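Chains, contacts and geometry: an overview
Chain residues, written in single-letter form:
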Amino acid sequence: MSRAKIRIKFTKVLGIGLSERVLDGDRLMAAFLTCSTKPHDIAFIRDEEQQDRFHHVAFYLNSWEEVLRAADIISKKNVSLDIGPTRHGITRGQTIYFFDPSGNRNEVFSGGYIYYPDSPTITWTMEELGRAIFYHIRELNERFMTVMT
């Protein structure tokens, strides 16, 4: 399914907002979609074969302390940790990523901004991607961009 078809199905059919995106020229490489007032609920990324893939689902927590508590639980329960705790440029949240038993990436995050349906979509470029994803270290982790379901 093409990126345009995903966007149309989610935004036009389901009424989900496109809060942020990453463009490579005029080609959509990532879409961050929300069905609430949080910066995103789900993310899709274009993979190396130029296929659109589910990247992660995002769950909002009320504070950075709750994200750190989630990190403690992830460690204690021996859950597969992906990235974090860290901070994003995209969505401006504090975050941690982990994998569920089925291999799907999940995110818990706090902070960010309030999304309004009439807000313009925030656009990032491929040149900004390191800072957009991993704000502090400003470079991508290869697994983060290649492991998708």
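Described below are features of the structure shown in this document. (Residues numbered from 1 in each chain as written. Predicted model: local features only at pLDDT ≥ 70, side-chain atom pairs only at ≥ 80, totals over all residues. Heavy atoms only, no water.)

**A few points about unusual backbone geometry**
Most peptide bonds take the trans configuration, and most residues that are not glycine carry a negative phi. A cis amide bond, omega 0°, links Gly84 with the succeeding residue Pro85. Relative to the helices and strands, Pro85 is located in strand E5 (residues 80–87). Look at Thr91: it is not a glycine, yet its phi comes out positive at around 70°. With respect to the helices and strands, Thr91 occurs in the loop between E5 and strand E6 (93–99). Residue Thr91 is classed as buried on the basis of its relative accessible area, which comes to 1%. The phi torsion at Arg92 lies on the positive side, around 60°, for a residue other than glycine. (Helix = DSSP H or I, 4+ residues; strand = E, 2+ residues; numbered from the N terminus. Buried < 20%, exposed > 50% of the residue type's maximum accessible area, 1.4 Å probe, protein only.)

**Here's the deal with the pairing of strand E3 (residues 42–46)**
Counting buried positions along E3 yields five of five residues, so the element is predominantly enclosed. Side-chain alternation along E3 places Ile42, Phe44 and Arg46 on one buried face and Ala43 and Ile45 on a second face that is also buried. Here four bridges tie strand E2 (residues 27–34) to E3, and the two strands are oriented antiparallel to one another. From the neighbouring strand, Phe32 faces E3, where its bridge partner is Ala43. In this structure, E3 lies alongside strand E4 (residues 52–60), joined through five bridges in antiparallel fashion. In the sheet register, Phe44 faces E4, and the bridge partner there is Phe54. (Pairing = 2+ DSSP bridges.)

**Quick word on the sheet that holds strand E8 (residues 122–125)**
What the eight strands build is an open sheet, ordered E5-E6-E7-E4-E3-E2-E1-E8; its pairing is mixed. Single-partner strands in this sheet number two, and they are E5 and E8. Put simply, the sheet's adjacent strands are angled 20° from each other on average, direction ignored. Packing of helix H2 (residues 64–76) onto the sheet brings it into contact with E5, E6 and strand E7 (105–111), and relative to E6 it is tilted by some 20°. (Axes fitted to C-alpha atoms, helices over the stretch in contact; angles between N-to-C directions. Contact = heavy atoms within 4.5 Å.)

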